[in-house]
Amino acid sequence: MPAPSAFPTGTKRHQALPEAVRRLGLDALLDVLDYLPDTVVFVKDAQGRYLYANRTLLERLGRPSVAGLRADEVFPASLGAAYTQQDTAVLGAAR
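A few points on the structure. Note that the structure is a prediction, hence the values are computed from the model and not measured.

Topic: the overall build of the protein chain
- When you go through the protein chain residue by residue, the secondary structure sums to 5 helices and 2 strands.
- Scanning the protein chain from its N terminus toward the C terminus, one meets helices and strands in the order α-α-β-β-α-α-α.
- When burial is assessed residue by residue, the protein chain has 29% of its 95 residues classed as buried.
- Approximately 6,000 Å² of the protein chain is accessible, and the part contributed by carbon and sulfur atoms is 58%.

Here it is, written out as structure tokens:
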């Protein structure tokens with residue numbers, strides 16, 4: 001059974017987005033990307049913590065939310081450590 005949606009039926013999903021994501025102006029794009037069943041989409045902060053994860057990612061992980069977590073806290077050790085290392089490299093290069 002898939003994980004329940006992070007955004008209850010009848011609620012406009014963009015209202016549930018963190019303010020940091022809304023300020024980026026991604027609301028409409030994320031609305032579309034949330035319904036692509038084969039596409040994983042996420043937004044992270046400068047520390048590599050999830051601000052947003054689309055329905056596909058949450059369902060694949062079997063979680064209702066990953067907000068505030070890093071990849072190494074979400075994925076099995078074999079994947080999570082590598083993803084977190086990638087995030088660190090990308091975020092370090094952006095500074």
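A few points about the environment of Asp45
- Along the chain, the position of Asp45 falls in the loop between strand 1 (42-44) and strand 2 (50-53).
- Taking the C-alpha atoms as reference points, Asp45 and Ala20, separated by 25 residues in sequence, lie 8.5 Å from one another.
- Leave out the neighbours within four places in its chain, and Asp45 touches Leu51 and Leu91.
- At 2.9 Å, the side chain of Asp45 forms a polar contact with the backbone nitrogen of Gln47.

Looking at the pattern of salt bridges
- One pass over the structure, following the stated rule, counts 5 salt bridges.
- Close ionic contact of Arg55 with Asp34 constitutes a salt bridge, the shortest N to O distance being 3.1 Å. Separated by 21 residues along the polypeptide, Arg55 in helix 3 (residues 55-61) and Asp34 in the loop between helix 2 (27-33) and strand 1 bring together distant segments of the chain.
- A residue is classified by how much of its surface remains accessible, and Asp34, at 1% relative accessible area, is buried.
- A salt bridge links Arg70 to Glu73, with the shortest nitrogen-to-oxygen separation between them at 3.9 Å.
- Among the residues examined, Arg70 registers a relative accessible area of 32% and is labelled partly exposed.
- Its relative accessible area of 39% is what places Glu73 among the partly exposed residues.
- Look at the salt bridges and you will find they share partners, linking Arg70, Asp72 and Glu73 into a network.

Considerations on the pairing of strand 2
- Two elements, strand 1 and strand 2, share 3 bridges in a ladder whose sense is antiparallel. Paired with Val43 across the strands is Tyr52, a residue of strand 2.

Overview of the side chain of Asp34
- Polar side-chain contacts of Asp34 include one of 3.4 Å to the side chain of Tyr52.
- A polar contact is formed between the side chain of Asp34 and the backbone nitrogen of Arg55, at a distance of 2.7 Å.

Overview of the packing of aromatic side chains
- Tallied over the full model, the rule gives 2 aromatic pairs.
- On the basis of an interplanar angle of 75 degrees and a centroid distance of 5.6 Å, the ring pair of Phe42 and Tyr50 is categorised as edge-to-face.
- Seen in terms of ring centroids, Phe75 and Tyr83 are 4.9 Å apart; in terms of plane orientation they differ by 85 degrees. Their pairing is edge-to-face.
- Among the residues examined, Phe75 registers a relative accessible area of 17% and is labelled buried.
- A residue is classified by how much of its surface remains accessible, and Tyr83, at 30% relative accessible area, is partly exposed.
- The positively charged end of Lys44 is found above the aromatic ring belonging to Tyr50, 4.6 Å away from the centroid.

The rules behind these values
- Residue numbers restart at each chain and count upward from 1, following the sequence in its written direction.
- Local features are withheld for residues below a pLDDT of 70 in this predicted model, meaning they are given only at 70 or higher, and side-chain atom pairs are given and counted only at 80 or more; totals for whole chains, interfaces and linings count all residues.
- Just so you know, side-chain values use all the structure's heavy atoms and leave hydrogens and water out.
- To qualify as a helix, a DSSP run of H or I must reach at least 4 residues; to qualify as a strand, a run of E must reach at least 2; elements of each kind are numbered from the N terminus.
- Summary of the burial criterion: residues with accessible area below 20% of their type's maximum are buried, those above 50% are exposed, and those between are partly exposed, where the area comes from a 1.4 Å probe applied to protein chains only.
- Per-residue and other accessible areas were derived by the Shrake-Rupley procedure at a 1.4 Å probe size, with only the shown protein chains allowed to occlude residues.
- By definition, residues are in contact when any of their heavy atoms lie within 4.5 Å.
- Pairing of N or O atoms within 3.5 Å defines a polar contact, subject to two protein rules: one partner must be a possible hydrogen donor and the other a possible acceptor, and residues neighboring in sequence count only if both atoms are side-chain atoms.
- What counts as a salt bridge is simple: a side-chain nitrogen of Lys or Arg found within 4 Å of a carboxyl oxygen of Asp or Glu.
- We call two strands paired when DSSP finds no fewer than two bridges between them.
- A pair of aromatic rings is counted whenever rings of Phe, Tyr or Trp (Trp by its six-membered ring) have centres within 6.5 Å, and the orientation is called stacked for planes under 30 degrees apart, edge-to-face for over 60 and tilted otherwise.
- Ring-over charges, as used throughout, are those where CZ of Arg or NZ of Lys falls within 6 Å of the ring centre and within 35 degrees of the ring normal.

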